[in-house]
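Overview (structure and organization)
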There are 4 protein chains.
Amino acid sequence: MATQSHRLTEQASGVYIIAATPFDDQGEVDLYSIDSLTDFYLEKGVTGFTILGMMGEAPKLSEAETTLVMERILKRVDARVPVVVGVSHSSNRHIERLSKEAMDLGAAGVMVAPVPNLKTDEQVYGYYANIAKLLGRGTPICLQDFPQATGVHTSVSVINRLIDEFEQVVMLKHEDFPGMRKLSQVRHDSETSGRRRISILVGNGGLFLPQEILRGADGAMTGFAFPEMLVQVCQLFSEGKSEAAEDLFNIYLPLLRHEFQYGIGLALRKETLRRRGAIRSAFVRKPGPVLDARDHEELTRLIARQEKALA
Amino acid sequence: MATQSHRLTEQASGVYIIAATPFDDQGEVDLYSIDSLTDFYLEKGVTGFTILGMMGEAPKLSEAETTLVMERILKRVDARVPVVVGVSHSSNRHIERLSKEAMDLGAAGVMVAPVPNLKTDEQVYGYYANIAKLLGRGTPICLQDFPQATGVHTSVSVINRLIDEFEQVVMLKHEDFPGMRKLSQVRHDSETSGRRRISILVGNGGLFLPQEILRGADGAMTGFAFPEMLVQVCQLFSEGKSEAAEDLFNIYLPLLRHEFQYGIGLALRKETLRRRGAIRSAFVRKPGPVLDARDHEELTRLIARQEKALA
Amino acid sequence: MATQSHRLTEQASGVYIIAATPFDDQGEVDLYSIDSLTDFYLEKGVTGFTILGMMGEAPKLSEAETTLVMERILKRVDARVPVVVGVSHSSNRHIERLSKEAMDLGAAGVMVAPVPNLKTDEQVYGYYANIAKLLGRGTPICLQDFPQATGVHTSVSVINRLIDEFEQVVMLKHEDFPGMRKLSQVRHDSETSGRRRISILVGNGGLFLPQEILRGADGAMTGFAFPEMLVQVCQLFSEGKSEAAEDLFNIYLPLLRHEFQYGIGLALRKETLRRRGAIRSAFVRKPGPVLDARDHEELTRLIARQEKALA
Amino acid sequence: MATQSHRLTEQASGVYIIAATPFDDQGEVDLYSIDSLTDFYLEKGVTGFTILGMMGEAPKLSEAETTLVMERILKRVDARVPVVVGVSHSSNRHIERLSKEAMDLGAAGVMVAPVPNLKTDEQVYGYYANIAKLLGRGTPICLQDFPQATGVHTSVSVINRLIDEFEQVVMLKHEDFPGMRKLSQVRHDSETSGRRRISILVGNGGLFLPQEILRGADGAMTGFAFPEMLVQVCQLFSEGKSEAAEDLFNIYLPLLRHEFQYGIGLALRKETLRRRGAIRSAFVRKPGPVLDARDHEELTRLIARQEKALA
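Worth saying up front: this structure is predicted, and the values here are computed from it rather than measured.

Considering the overall build of chain A
Regarding its fold elements, chain A presents twelve helices and eight strands. Rg of the C-alpha trace for chain A: 18 Å, near the compact-globule value of 19 Å for 311 residues, within the 12% margin. Oriented by its inertia axes, the alpha-carbon framework of chain A measures out at about 50 × 45 × 35 Å. Evaluated residue by residue, chain A yields a buried proportion of 64% over its 311 residues. Restricting the contact set of chain A to residue pairs at least 6 apart, pairs at least 24 apart contribute 76%.

Written as structure tokens, this is what we have:
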């Protein structure tokens, strides 16, 4: 279904939006909102999508819902931009099955975070090596390096070894915190040693996006509810206008920092997307964060201040 | 399907075996071995079953496999003993759905471990209270208190509050470590304050079973590959023969301690069950522990020593 | 030595600067820089000091150095503003001894973070209750609630219970993350239930200072290297100029967010203080973070951008 | 002061007892009991001492007490057996100072556990490499690999690299859990690759001592309150009587397993040592575990059962 040009490669850059999964107020998957949200992201100019990630509440979907959401988004995107599918799971069989399903449906690649309880470099390497062999060369892989959520630390030497041994490893979602030196090291190692240069997109809500781009990141993979800013910032940086890029970024920084709060950040994002008309309900599946009146009021104030600053 | 007498109650005692899920050497669910393992456990005299727990590799089963395993075991047990079904999941909707399915198929009750990231007493209480309301009075609940795996600490006061407010909370799987004082406190609080006395079965491989029974536990919920010992020890204790019970326990303690090792313990258990003819393959789904030659040799020696001590 | 008016009370507000401990390039305590840094903080208008905290590298000082630093700062401050002394330690005897020494030297109160391995509400309460009894009514206590560093979660109900039972508990250093709802709850509970209202100063580098003041915080207890901003923001909020306050805050937010990085944040702060002439060396004791050329360049750029935005 | 023969080497084997630090009932260091405990350990035939470890409550001693305890034990031992001194600390300067003091007083070597927050192989290696360089070749080092307490995982490749680069690294205190395969790997790597073979002594209360000796461990470094068993077991193994060794071990296993409980285990050990006349008080410094009546009764029963089994 997808054209070959949308296979994820080391050249990927820009904004891969981490897509929310919209539910209705009863918690059922809302197909209408999937479409409207997909349109919203496309209109804002995102370069690609990452679906069924942690922020997409993937672990709370049934298998049928997982397929439904994946199909619906891929159909709506209609091969206009690449779509990466999160396939992290406690069972390798499941990762293999879901990856195959995703690629068959036209996904550009898959994103994999390690299972918990991997402790040493050898263990982390071994885990990813097994997955890479299981999926084969035909399935581009994005490594999700998010130790705050997984408890697993992926060292620069493990990343380099995976790059050297598996051509299907084409992207790093850089989400270690603090992690700027790690980013610089991965970049440095590819520049000085003839190592293949993979794509690095940054997460953590984009909190350090300008600094990370200046250190060699190729863009962002995050779910900030104002993706147009991320898009413009990446664009300005690519044009060499780093000061203008960061000026723009800083206008949004207060709200971006607000969304950066783990847990409740997802509820804030969905509510912001709802207010912007992108989805019909901000429902988060249980157990999950719920905004109270004070949270709503605070969000309203921050959005109003942002609008004023942009005016 | 199940008779009402098999509904899990506060009076539950003895040995609820944590059942392994048998796979063949290719990792497929092995229905033949499910039957033979079920028969094995029943022959050894277990009081009940707990299926689809962590040791049952439940998170590595697909939804269809989950149903398949549950149906097969429940059918084979044929209401001879109560079967508790592990339903822990990151989504409450899934817990609700799986619990309903289990109860409809004849389960005696469900076991629930908390999701990670619950930090305070209020949060742990809130989590379980929501689950209890969702499942309703008709679904007996066993609280799985296993902080080494979940990272969540369930205090005595939370346990007491849940006992007081939800009649469907009828059992505690006590698996905190070290946790003997907690066990004594829960017992003490029910004896002195008129609080409902629930069943307490102990986990952690049974490492402290004699001490825990003397502190008021009603038996064990664990997967030691020689369940006949657990059965006899509980029987002897119930007859007041605590010294004989502990003498017997101690003969098995070296091997039990060996199985107590997190991670590799599951592979050791499955291999022991295979050697005993209960299952056809010791396969553990990936990523998971794999025994090497040294591990096999060590296990052989420990089993031989145990047999000699029993002779 | 200190006047009674500097005893820490529930009315404390404004900016209690978390003071760095200056070393020379060989790692020896630099008394000259202690004086210059103390002067720097006072000139910037801080309301109080918090010394010997985690950012003050307190666990890396010898006992003699601890006394030396404490004496030197208290002497230099000369009772102009209150000084809170961090006394967290794995031994209660040490906390008692150091607290007595601090109070005798003129400290306004002490700050205590819990030891690791406290899990339940009862355990956290028990820990603090023991400390409060040990120190007595004459030693004002600031509770440091910083689970990211300690692994201990202090619930609202534990905080409330400590407020109710120990009059010496007069301040909460609020540093849970995300923690804004907790802040609101502590405030709400004191407003609606007749509970004593204690001072709440916020940490986490001040990343959410405006939002937290709007939720009822009384100020900041953090070590941002531009304390004059914190002072002005608190002042503007106290005058009801919340929009102007947040406008000012946001100019500094990019750098403040940069310092927020755990670990390396301390090296960035000390380097910034060095550049501003407040200390002579940015040395951090080993093991500890060291800035590389890229880190320096990045910091230079962020400071330059901040200066331009302020111009 | 110490003879050169007591410098710790790769040939170390047998039982290095982790010495408790005796206090009186008011919590003051009890010099009389230090002497009697030292005599007790020597009478039981230990090969060496490890003092000021975690079980020695080292982090709860003042600097003066640390020196006092170290001097007293070293004097009492009087160079009859080697004494290893725990010097783990958050500051490298402190490790250097304490190590020098220990070696000057006649210690055989020092034991170092890594600081928390080391995540990757490179970070763990870097930490230990810095310490090794700081202490120099003249100070034999025992690596304490105890991730359950430190949160740091030291991989086989890091251990091997340290062995290869630093001749002063002569011993591994193996305390990872489960960790038997790691032990086998370290041994295997030294046997097959011409790598220097260092001493490996096992911790974790000795819970797997027979298995670990069969896998190549040279003995135990733990604090079980019946050290004579550890001594005899090591002796029997060295004579090739592995079955007799394990038979003896298993008689003590129930009590040893009981002491294995983290936290309360220390209180149980001190109480057992008190009952055996080795120390005058079982006091543990606060915050710390305190035995209640039920704990005492349980301990009494387990000791009585052990005595009966030995009779």
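Notes on the relation of the copies chain C and chain A
For these two chains of identical sequence, chain C goes onto chain A by a turn of 180° and a shift of 0.0 Å along the axis, with RMSD 0.0 Å. Taken together, these values place the two copies in the relation of a two-fold axis. The overlap is high: 100% of the interface residues of chain C also sit at the interface in chain A, so the same surface is used on both sides.

Remarks on the relation of the copies chain B and chain D
By a simple turn and slide, chain B fits onto chain D: the slide is 0.0 Å along the axis, the RMSD is 0.0 Å, and the turn is 180°. Most of the interface of chain B is mirrored in chain D: 100% of its interface residues are interface residues there too.

What to know about the packing of helix α11 (residues 264–275) of chain C against helix α12 (residues 293–310) of chain C
Residues and elements named next belong to chain C. Look at α11 against α12: their axes get within 11 Å of each other, and the N-to-C directions meet at 60°. Judged on the interaxial angle alone, α12 and α11 are oblique. For the crossing formed where α11 meets α12, the hand is right-handed. Taking contact as the criterion, the partners of Ile-264, Leu-268, Glu-271, Thr-272 and Arg-275 in α11 are, on α12, Asp-295, His-296, Leu-299, Thr-300 and Ile-303. For the contact of α11 with α12, the per-class residue count stands at four nonpolar, three polar and three charged.

Some details on the interface of chain B and chain D
Every contact between the two is made by 34 residues of chain B and, on the other side, 34 residues of chain D. Summed over both partners, the interface of chain B with chain D buries about 3100 Å², with 47% contributed by carbon and sulfur atoms. Of the charged contacts in the structure, one is a salt bridge between Arg301(D) and Glu243(B), with a shortest N-O distance of 3.5 Å. Counting every contact that joins chain B to chain D gives 23 residue pairs in polar contact (both at pLDDT 80 or more). For the side of chain B that touches chain D, the secondary structure elements donating two or more residues are α7 (180–192), α8 (209–214), α10 (242–259) and α12 (293–310) of chain B. The greatest single-element share of the side of chain B that touches chain D, amounting to ten residues, is contributed by α10(B). Split into classes, the residues belonging to the side of chain B that touches chain D amount to 16 nonpolar, six polar and twelve charged.

Structural notes on the interface of chain C and chain A
Each partner contributes residues to the interface: chain C has 34 residues there, and chain A has 34 residues. With both chains or domains summed, chain C and chain A bury close to 3100 Å², and 46% of this area falls on carbon and sulfur atoms. Of all residues in chain C, the largest losses of buried area upon contact with chain A belong to Arg181(C), Arg257(C) and Arg305(C), amounting jointly to 21% of the total for that side. Among the salt bridges present, the one from Asp295(A) reaches Arg215(C), with a minimum N-O distance of 2.8 Å. For the interface between chain C and chain A, the tally reads 24 residue pairs in polar contact (both at pLDDT 80 or more). Looking at the side of chain C that touches chain A, the elements with two or more residues in it are α7 (180–192), α8 (209–214), α10 (242–259) and α12 of chain C. For the side of chain C that touches chain A, the element with the highest residue contribution is α10(C), accounting for ten residues. Broken down by class, the residue content of the side of chain C that touches chain A amounts to 16 nonpolar, six polar and twelve charged.

Some details on the sheet that holds strand β4 (residues 109–112) of chain C
All names here are of chain C. Spatial strand order, β1-β2-β3-β4-β5-β6-β7-β8: eight strands in a closed barrel with parallel pairing. This sheet shows a mean twist of 25° between the axes of neighbouring strands, independent of strand direction. Two elements, strand β6 (residues 169–174) and strand β7 (residues 199–202), share four bridges in a ladder whose sense is parallel. Bridge pairing in β7 links Leu-172 to Ile-200.

Notes on the confidence of the model for chain A
In the predicted model, chain A carries a mean pLDDT of 96, and the fraction of residues at 70 or more is 98%. For this predicted complex, the interface score ipTM comes out at 0.97, alongside a pTM of 0.97.

A few points about the pattern of salt bridges
All names here are of chain A. Applying the stated criterion across every chain yields a total of 131 salt bridges over all chains. Among the salt bridges present, the one from Asp-35 reaches Arg-76, with a minimum N-O distance of 3.5 Å. Here Asp-35 is found in helix α1 (residues 31–43), whereas its partner Arg-76 is found in helix α2 (residues 63–77), with 41 residues between them in sequence. The exposure class of Arg-76 is partly exposed, given its relative accessible area of 33%. Ionic pairing is found between Arg-187 and Asp-218, a salt bridge with its closest N-O pair at 2.7 Å.

So, the pairing of strand β8 (residues 219–222) of chain D
All names here are of chain D. Neither face of β8 is left uncovered, since the one carrying Gly-219 and Met-221 and the one carrying Ala-220 and Thr-222 both have all their residues buried. Where strand β1 (residues 14–18) meets β8, four bridges bridge the pair, whose relative direction is parallel. Note on β8: the bridge partner recorded for Tyr-16 is Met-221. Summarising the sheet, strand β7 (residues 199–202) and β8 pair through two bridges and their orientation is parallel. In the sheet register, Leu-201 faces β8, and the bridge partner there is Gly-219. For the crossover from β7 across helix α8 (residues 209–214) to β8, the handedness is right-handed.

Details of the environment of Gly203(C)
Mapped onto the fold, Gly203(C) is located in the loop between β7 and α8. Once residues lying within four places of it in the same chain are set aside, the contact partners of Gly203(C) are Lys173(C), His174(C), Glu175(C), Met221(C) and Thr222(C).

Focus on the sheet that holds strand β3 (residues 83–86) of chain B
Pairing is parallel in the closed barrel, where eight strands are placed in the order β1-β2-β3-β4-β5-β6-β7-β8 (chain B). Ignoring strand direction, the axes of neighbouring strands in this sheet form an average angle of 25°.

Some thoughts on helix α4 (residues 121–135) of chain C
Residue and element names in this part refer to chain C. For α4, spanning 15 residues, the distance from its first C-alpha to its last is 21 Å, which sits close to the expected 21 Å at 1.5 Å a residue. Turning to α4, its buried residues are Asp-121, Val-124, Tyr-125, Tyr-127, Tyr-128, Ala-129, Ile-131, Ala-132 and Leu-135. With its phi angle positive at about 80°, Gly-136 sits one or two positions after the end of α4.

Quick word on the environment of Phe237(D)
Residue and element names in this part refer to chain D. Looking at where Phe-237 falls in the secondary structure, it is placed in helix α9 (residues 227–238). Taking the C-alpha atoms as reference points, Phe-237 and Pro-210, separated by 27 residues in sequence, lie 8.4 Å from one another. Dropping the residues within four chain positions of it, Phe-237 is found in contact with Pro-210, Ile-213, Leu-214, Ser-242 and Ala-245.

Considering the nonpolar core
The biggest cluster of nonpolar side chains holds 224 residues, and the ones touching the most others in it are Tyr41(B), Phe49(B), Tyr41(D) and Phe49(D). Excluding residues that lie within four positions of it along the chain, Tyr41(B) makes contacts with Ile17(B), Ile18(B), Ala19(B), Ala20(B), Val46(B), Phe49(B), Pro227(B) and Leu273(B). With 222 residues, the next largest nonpolar core counts Val84(A), Ala245(A), Leu256(C) and Leu299(C) among its residues.

Here is what the cut-offs are and how they apply
- Residue numbering note: each chain is counted from 1, following its sequence as written.
- Here every chain gets a letter starting at A, and every ligand a number starting at 1, in the order they are written.
- Confidence filtering applies because this is a predicted model: local features only for residues at pLDDT of at least 70, side-chain atom pairs given and counted only at 80 or more, and all residues used for totals across whole chains, interfaces and linings.
- Note that water and hydrogens are dropped before the side-chain values are worked out from all heavy atoms of the structure.
- For helices the rule is a DSSP run of H or I covering at least 4 residues; for strands it is a run of E covering at least 2, with both sets numbered from the N terminus onward.
- When we talk radius of gyration, it's over C-alpha atoms, and the globule rule is simply 2.2 Å times the number of residues to the 0.38.
- Only protein chains enter the accessibility calculation, which uses a 1.4 Å probe; a residue is then buried when its area is under 20% of its type maximum, exposed when over 50%, and partly exposed in between.
- Only heavy atoms enter the contact rule, under which two residues are in contact if any of them lie within 4.5 Å.
- Only residues with pLDDT of at least 70 in both copies contribute their C-alpha atoms to the least-squares superposition of the copies.
- A fitted line through C-alpha atoms serves as each axis, taken over the contacting stretch for helices, and the angle formed by two N-to-C directions is quoted from 0 to 180°.
- When an angle is under 35 degrees it counts as roughly parallel; over 145 it counts as roughly antiparallel; between 65 and 115 it counts as roughly perpendicular; any other value is oblique.
- Crossing handedness is read from the near helix: turned anticlockwise from the far helix by less than a right angle, it gives a left-handed crossing, and turned clockwise, a right-handed one.
- Residues were grouped as follows: Ala, Val, Leu, Ile, Met, Phe, Trp, Tyr, Cys and Pro as nonpolar; Asp, Glu, Lys and Arg as charged; and all remaining residues, including Gly, as polar.
- Once two parts are joined, some of their accessible surface, as seen by a 1.4 Å probe, is lost; buried area is that loss totalled over both.
- Basic side-chain nitrogens of Lys or Arg form a salt bridge, by our definition, when they fall within 4 Å of a carboxyl oxygen of Asp or Glu.
- Pairs of N or O atoms are called polar contacts if they sit within 3.5 Å, as long as, within protein, a hydrogen donor faces a hydrogen acceptor (for residues adjacent in sequence, only side-chain-to-side-chain pairs).
- Here, a strand pair is defined by DSSP locating no fewer than two bridges between the strands.
- Per-residue confidence from the predictor is given as pLDDT, running between 0 and 100.
- By definition, the crossover connecting two strands over a helix is right-handed if that path, from the first strand to the second, turns clockwise as seen with the strands pointing away from the viewer.
- A helix is expected to reach a length of 1.5 Å times the quantity of its residues less one.
- As used here, the term nonpolar core means buried Ala, Val, Leu, Ile, Met, Phe, Trp, Tyr and Cys residues forming a set that is joined through side-chain atoms within 4.5 Å.

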